[in-house]
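# Residue-level structure breakdown
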Amino acid sequence: MSSKELTGASTIPIILSVLSTGENYGYAIIKQVKELSQGKLEWSEPMLYPVLHRLDKQGLITAEWRVLENGRKRKYYAITAEGRAALVDKKQEWLDVMATMGQLWNLKLTGYDV
Amino acid sequence: MFDLDAAIRQWRRSLRSQPAFEDGDIEELEDHFRSKIDELLNEGLSPKKAFDQVIKEDYPNLELLDRQFNDERKLKSTAFSMFRNFIKVGLRSIQKHRTYSTINIVGLTVGFACVFGIIIYLQQELSYDQYHENGKDIYRANLHFIRASGEIHYPIIPPAFGPEIKSNLAEIKAATRLRYAYPIIMRHEQQSFFEQRVFFAENEFLQMFSFPLLQGNVDDVLKAPNTIVITEEMSKKYFGEVSPMGQIINYNNEIDLQVVGILKDIPINSHLDFDFLISFNTFKVGPGGLEPLTSWRWLGFLTYLQLHEGANLADVTQKATDLFMANNNSASNRKVDVELQPLNNIYLGSGDISNPMGGLFRINDAENLKSLAIVAVLIIVIAFFNYFNILAALMYTRTKEIGVRKILGSSRLRIVKQMLVETCLVVIISGVLSLGLVWLVSGLGYLPAMSSQAIVWVLLLMLGLCLSFGMINGLYLGTSLASQGILSLLRNNLVVKNARFSLRKVVLLVQYGISAALIMISFIVVNQLSYWNKKDLGYDQEGIMVAGFRGDDVQNKKEAFRNVLNGNSMVSSITFGPALDGSASGSPLRPKEWPEEEVVQTAYFGVDYDFDKVIGLEVLEGRFFDRAIASDSVNAILINETLAERLDLENPIGKRVEFAGMADAMIIGIFKDFHHQSLHHEIAPMALEMWLGPPRNVLVKFNAGVDMTQAIRSVATNWQEAFPDGDFPLEYKMLTEQISGLYSQEQDFATLLRVFTGLAIFVAILGMYGFSAVSAHLKIKQICIRRVLGAELNQVAKVVSKDFLLLSFLASLLAVPVVYWLMDQWLNRFAYRAPVGPEYFVIAIVLVTVITALTLAIQVRKVMQVRPARLLRNE
């Protein structure tokens, strides 16, 4: 489990990235992050929902209620054009950090492609 | 069996008590929560295990989430967010106590709506004639006769008065006369209508009053003879979209009048109501008229004066009286004053002033308005007490919630604030709903349209009511809850003073008392009305049709029509004569044997042969007019008992008198008194003379037992035969309708009173229902224990209803003397009042008690349905 600060800093780019592959809802986002990180990133509700709401307010993502077949209501989030632009910036910031660390620690990063 | 859905609902409810969660947040979390459970269920866990596991994992998360949400929102102003929280919790509490909230809101809404409705009505009534620019300087000249028989204020005065006072007194800026036209036929080309609101007016009239002209020049309209000004509505009626200016309207098949102006429609709040103004110099005294237009004796003209600013009213009044006495030679023997009645006072201040022609101008009784205002106040009191009572009772069901809040560190102030916001919310919701209701009702036409002034009044009042209702109740509730100890709150052991005279009992007493009083009052008012309708007027009203008989050459058509109707098998008799609408002519009467200056002012009808048969007039001495005796049509009169008594002549039959333009009339009979006026007035001296001039009305008496609809249809057919060209429409009323029209003011008042009483009682019942429900709920444990111990229905009923029945009975009793005194005052204003028997009071008391008992019965039934074992097990 990563430290609180790192989690805090990484939540937004991760959410935006997940949503950039398609719209999604809270619980599924948490599950997807858990799977991708092989269980290393296990988010709880307090980490996710306030951030989703804030991003919604900032206009980076939008939210929409859907009624499921069984009658339950579910709130879906989708990334906006503005969100995609922000993601490009975030991605660049992280790549810069990772490249620097990679050089310092002499690691080979896979999938390094800007 | 574990009910997953129920468990989730409960979990969800627990979230609602966290102020930071918005409704949307809770739904999102619920979905999250359910998704997690679904997953565990898929893994094969039982619903209970899955639920428990998720709860355990999630509990710390939720708390954190709550804080996070709160932090997010803290960024905004804290005072605002606190206020928002209050409102949110308040709305949720309204939802939680749904039944009581509904009772409160419905009760307050109806109460407020009544009050707003009354205010809008009162506002209209008080706004009469207030819009005339010169209004404060305009007076109507009335004559005040003081006679042995009583005082009479007369608003129509001689035609010479206006011009003379204008030229004689420097204080008079302008004077203008109005002469009413009897209902007549107006015709434009092929269209003709029967018109009732027609005046002859001078140019000064439109200069003095602010009745705006849409077309035409206010400086010179109505100056030329044979010109007419019409209202917009009449312009549409006669000319459609075509401009009426310069067009011709024919007056009564006599005169062609040229339209020279269009008036904006006369507003409802004007004591003068007219559709047509014909130039005054068109008015001619017809052949056989008694007096010229320079007369000082002919009471037939409304006269309005405009004084110069700063003129001394008392001074002018004295000078006007002097002028009148100097010119009216017949006045030397009696006391006559000229009175100047301010324009603003005419509509509500004309109670003592006779209103000729069955209502020449609009008036209302200020007393009725006062009564309505009192009813409004009573309704406010009921609505307030209701709300107070239910809230105070509900307080006991909210102790746990408050106790928990206190443990969580809520300060007293915070609790008081919360209660304040809650009560204000309920009151404001009701206020807004009631405004909507009033708007709707007024849109449907059951209330006067809201003027901008009324809207301001209503909004101000609503604000005041909301603030005071919300504040008082909220403060009371908040402080009394906040002052209780935490332990007693949690144990639900409030320190309840069960004193013999608790505040709540007094409140209930007042409420019951007001409801009972309102019921009694409406009974008595309705009783008086039906008394008027039923009282023997001294003549027949049933089966008599009154139709206007006017138009071209009526004199000649009269006999033809009489002959046609005499052939109608449904008609028993027919006569031409007065409309019996409360109006009559008046003239001094002097027996020849009396000294020169002594007279009796006498009302009279000009009648035709058979008048006695049609209305069933009883001639006590002498005889009625007879076709066979020629002199009857020249100089014979009949007098009523009252006049005979007043004259006190020995052998009155055959005595000679001066009367109504006849220098030498003979009394040929004495008839039994009948009420030619409404029963507001006592029977006055009265006489009948033969009138052979053009008739104004025809009265048709049908045979007893005929079908009225058919009978009227047959007369309509006869009418067609007599007047085939159709320019003389049949306009009729049944005499019974005409007579009940004389009480329209009281009828309107009674209707209003009944509606508002009904609503007030509805509000009171609601409150009683709510209050008894809460108190039954509070006693539920006691009742269950009693039932376990074998108590029967009647004992349970006793526990539930003990206080209420006694209180309602006592309250109704207390209301009796108050109502009796009030209604005595009201009834004393009428000459003929119905006796007020004890039955109305008894019925009202029984009614209140029965309603109370029924409300309680519902509660008892509810309480009996609770299974004691189940309830007690929970404890």
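Residues numbered from 1 in each chain as written. Chains lettered and ligands numbered in written order. Predicted model: local features only at pLDDT ≥ 70, side-chain atom pairs only at ≥ 80, totals over all residues. Heavy atoms only, no water.

## Describing the overall build of chain A
A count of helices and strands for chain A gives 4 helices and 3 strands. Out of the 114 residues in chain A, the part that is buried amounts to 38%. Partitioning the contacts of chain A with sequence separation of at least 6, the portion at a separation of at least 24 is 47%. (Helix = DSSP H or I, 4+ residues; strand = E, 2+ residues; numbered from the N terminus. Buried < 20%, exposed > 50% of the residue type's maximum accessible area, 1.4 Å probe, protein only. Contact = heavy atoms within 4.5 Å.)

## Concerning the overall build of chain B
Along chain B, the regular secondary structure elements total 27 helices and 25 strands. Within chain B, the fraction of its 875 residues that count as buried is 50%. Long-range contacts, defined here as pairs at least 24 residues apart, represent 79% of the contacts in chain B between residues at least 6 apart. When the accessible area of chain B is evaluated, it comes to approximately 40700 Å², of which 56% is carbon and sulfur surface. (Areas by Shrake-Rupley, 256 points an atom, 1.4 Å probe, with all protein chains shown as cover.)

## Re unusual backbone geometry
Residues and elements named next belong to chain B. Despite not being glycine, D129 shows a phi value in the positive range, around 60°. Considering the arrangement of structural elements, one finds D129 in the loop between helix 5 (98–126) and strand 1 (138–147). The phi dihedral of D610 is positive, around 75°, even though this residue is not glycine. A relative accessible area of 14% means that D610 is categorised as buried.

## What about the pattern of salt bridges?
Under the definition given, this model contains 28 salt bridges over all chains. Ionic pairing is found between E45 of chain A and K36 of chain B, a salt bridge with its closest N-O pair at 3.8 Å. On the criterion of chain membership, the pair formed by E45 of chain A in helix 3 (residues 45–58) and K36 of chain B in helix 2 (residues 23–42) is interchain, its members lying in two chains. The pair formed by E45 of chain A and K36 of chain B is uniform in burial state, with each residue classed as buried. Of the charged contacts, one joins R833 of chain B and D824 of chain B as a salt bridge, the two residues approaching to 3.0 Å between their closest N and O atoms. Each of the salt bridges in this network shares a partner with another, and the network as a whole consists of R72 and R74 of chain A together with D31 and D38 of chain B. (Salt bridge = Lys/Arg side-chain N within 4 Å of Asp/Glu carboxyl O.)

## As for the confidence of the model for chain B
Confidence along chain B averages 82 in pLDDT terms, with 91% of residues attaining 70 or more. Scored as a whole, the predicted complex attains pTM 0.68, and scored at its interfaces, ipTM 0.79. (pLDDT = per-residue confidence, 0-100.)

## Let's talk about the sheet that holds strand 16 (residues 571–576) of chain B
Residue and element names in this part refer to chain B. Ordered by their spatial adjacency, 4 strands build an open sheet running 16-24-15-25, and the pairing between neighbours is antiparallel. Edge positions in the open sheet fall to strand 16 and strand 25 (732–734), since each of these has one partner strand only. Averaged over all pairs of adjacent strands, the angle between their axes in this sheet comes to 20°, without regard to strand direction. Sitting on the sheet, helix 17 (residues 554–566) touches strand 16 and strand 24 (697–702), and the angle it makes with strand 16 is about 170°. (Pairing = 2+ DSSP bridges. Axes fitted to C-alpha atoms, helices over the stretch in contact; angles between N-to-C directions.)

## Observations regarding the interface of chain A and chain B
Of the residues lining the interface, 18 residues belong to chain A; the matching set on chain B comes to 19 residues. Of the roughly 1800 Å² buried where chain A meets chain B, counting both sides, 50% is carbon and sulfur surface. On the chain A side of the interface with chain B, the three residues burying the most area are Y27, E45 and R72 of chain A, jointly 37% of the side's total. Remark: the boundary between chain A and chain B carries 6 salt bridges. (Buried area = accessible area lost by both parts, 1.4 Å probe.)

## What to know about the pairing of strand 22 (residues 662–671) of chain B
All names here are of chain B. The element strand 22 is largely enclosed, with a buried count of 7 among its 10 residues. Where strand 20 (residues 636–640) lies against strand 22, 5 bridges are found, and the strand directions are parallel. Residue I637 lies in a different strand from strand 22, and its bridge partner there is I667. Taken together, the 3 bridges between strand 21 (residues 656–659) and strand 22 define a ladder with antiparallel strand orientation. From the neighbouring strand, F659 faces strand 22, where its bridge partner is M662. What sits between the antiparallel neighbours strand 21 and strand 22 is a turn of 2 residues, in which A660 has the positive phi angle 50°.

## Observations concerning the side chain of E45 of chain A
On the basis of relative accessible area, E45 of chain A is assigned to the buried category, the value being 2%. If near-sequence neighbours (up to four positions away) are discounted, E45 of chain A is found in contact with I30 and P50 of chain A together with L29, H32, K36, D58, N61 and L65 of chain B.

## What to know about the nonpolar core
Residue and element names in this part refer to chain B. Membership of the largest hydrophobic core comes to 130 residues, with the highest contact counts inside it found for I615, F625 and L688. Setting aside residues up to four positions removed in sequence, F625 forms contacts with V607, Y609, D632, A636, I637, L638, I668, L688, E689 and M690. Counting residues in hydrophobic clusters, the runner-up holds 50 residues, among them L178, L213, I266 and L272. (Core = buried A, V, L, I, M, F, W, Y, C linked by side-chain atoms within 4.5 Å.)

## Observations regarding the sheet that holds strand 1 (residues 24–25) of chain A
Residue and element names in this part refer to chain A. Here we have 3 strands laid out as an open sheet, ordered 1-3-2, and antiparallel in their pairing. Unpaired on one side and paired on the other, strand 1 and strand 2 (61–67) mark the two borders of the sheet. One ladder, built from 2 bridges, connects strand 1 with strand 3 (residues 73–79); its direction is antiparallel. For Y25, the partnering residue across the bridge sits in strand 3 and is Y76.

## Brief notes about the packing of aromatic side chains
All names here are of chain B. Tallied over the full model, the rule gives 32 aromatic pairs over all chains. With centroids separated by 6.3 Å and ring planes inclined at 85°, the aromatic side chains of F161 and W296 adopt a geometry described as edge-to-face. In this pair, F161 sits in helix 6 (residues 161–168) while W296 sits in the loop between strand 12 (276–279) and strand 13 (301–307), placing the two residues 135 residues apart along the sequence. Take F161 and W296: they sit in the same class, and that class is buried. Relative to Y238, the ring of F193 lies with its centre 4.9 Å away and its plane at 75°, an arrangement referred to as edge-to-face. (Phe/Tyr/Trp six-rings, centres within 6.5 Å; stacked < 30°, edge-to-face > 60°.)

## Looking at a negative patch on the surface
A cluster of acidic residues, E593, E618, E641, E645, D648 and E650 of chain B, forms a negative patch on the protein surface. Mapped onto the elements, E618 of chain B comes out in the loop between helix 18 (611–615) and strand 19 (619–622). (Patch = residues over 30% accessible without salt bridge, like charges linked within 9 Å, V, L, I, M, F, W, Y side chains within 5 Å. Lys, Arg positive; Asp, Glu negative; His and termini not counted. Charge placed at Lys NZ, Arg CZ, Asp CG, Glu CD.)

## Overview of the packing of helix 6 of chain B against helix 9 (residues 313–327) of chain B
Residues and elements named next belong to chain B. Orientation of helix 6 relative to helix 9, taken along the N-to-C sense of each, is 125°, at an axis distance of 11 Å. The angle between helix 6 and helix 9 falls in the class oblique. Remark: the crossing between helix 6 and helix 9 carries right-handed chirality. Across the interface between the two elements, F161, E164, I165 and N168 from helix 6 touch A320, L323 and F324 from helix 9. (Parallel < 35°, antiparallel > 145°, perpendicular 65-115°, else oblique. Left-handed = near helix turned anticlockwise from the far one by under 90°.)

## A few points about the packing of helix 5 of chain B against helix 14 (residues 452–482) of chain B
Residues and elements named next belong to chain B. Running from amino to carboxyl end, helix 5 crosses helix 14 at an angle of 150°, the nearest separation of the two axes being 10 Å. In the crossing of helix 5 with helix 14, the sense of the turn from one axis to the other is right-handed. Facing L108, F112, V115, F116, I119, I120 and Q123 of helix 5, the residues of helix 14 in contact are Q453, A454, W457, V458, L461, M462, L465 and F469. Across the contact of helix 5 with helix 14, the residue classes tally to 13 nonpolar, 2 polar and no charged. (Nonpolar A, V, L, I, M, F, W, Y, C, P; charged D, E, K, R; others polar.)

## Re the pairing of strand 13 of chain B
All names here are of chain B. Of all the 7 residues making up strand 13, 7 are buried; the element is thus mostly covered by neighbouring parts of the structure. Here strand 3 (residues 156–157) pairs with strand 13 via 2 bridges, running antiparallel. The partner of I156 across the bridge, within strand 13, is L302. In this sheet, strand 13 lies alongside strand 4 (residues 172–180) in antiparallel orientation, the contact comprising 6 bridges. Across the sheet, I172 pairs through a bridge with L307, a residue of strand 13.

## Here we look at a nonpolar patch on the surface
Together, L463, L467, M471, I472 and L475 of chain B make up a nonpolar patch on the protein surface, roughly 440 Å² of accessible area in all. Relative to the assigned elements, L475 of chain B resides in helix 14.

## Observations regarding the environment of N635 of chain B
Residue and element names in this part refer to chain B. By secondary structure assignment, the location of N635 is in helix 19 (residues 632–635). Sequence separation between N635 and D664 is 29 residues; the distance between their C-alpha atoms is 6.7 Å. From its side chain, N635 meets the backbone oxygen of D664 in a polar contact 3.0 Å long. (Polar contact = N/O pair within 3.5 Å; in protein donor to acceptor, adjacent residues only side chain to side chain.)

## Concerning the environment of L277 of chain B
Residues and elements named next belong to chain B. Tracing the chain through its elements places L277 in strand 12. Measuring from C-alpha to C-alpha, the distance between L277 and V229 comes to 5.1 Å, with 48 residues separating the pair along the chain. Contacts of L277, omitting those with residues within four sequence positions, involve F199, A201, F205, L206, L222, T227, I228, V229 and L263.

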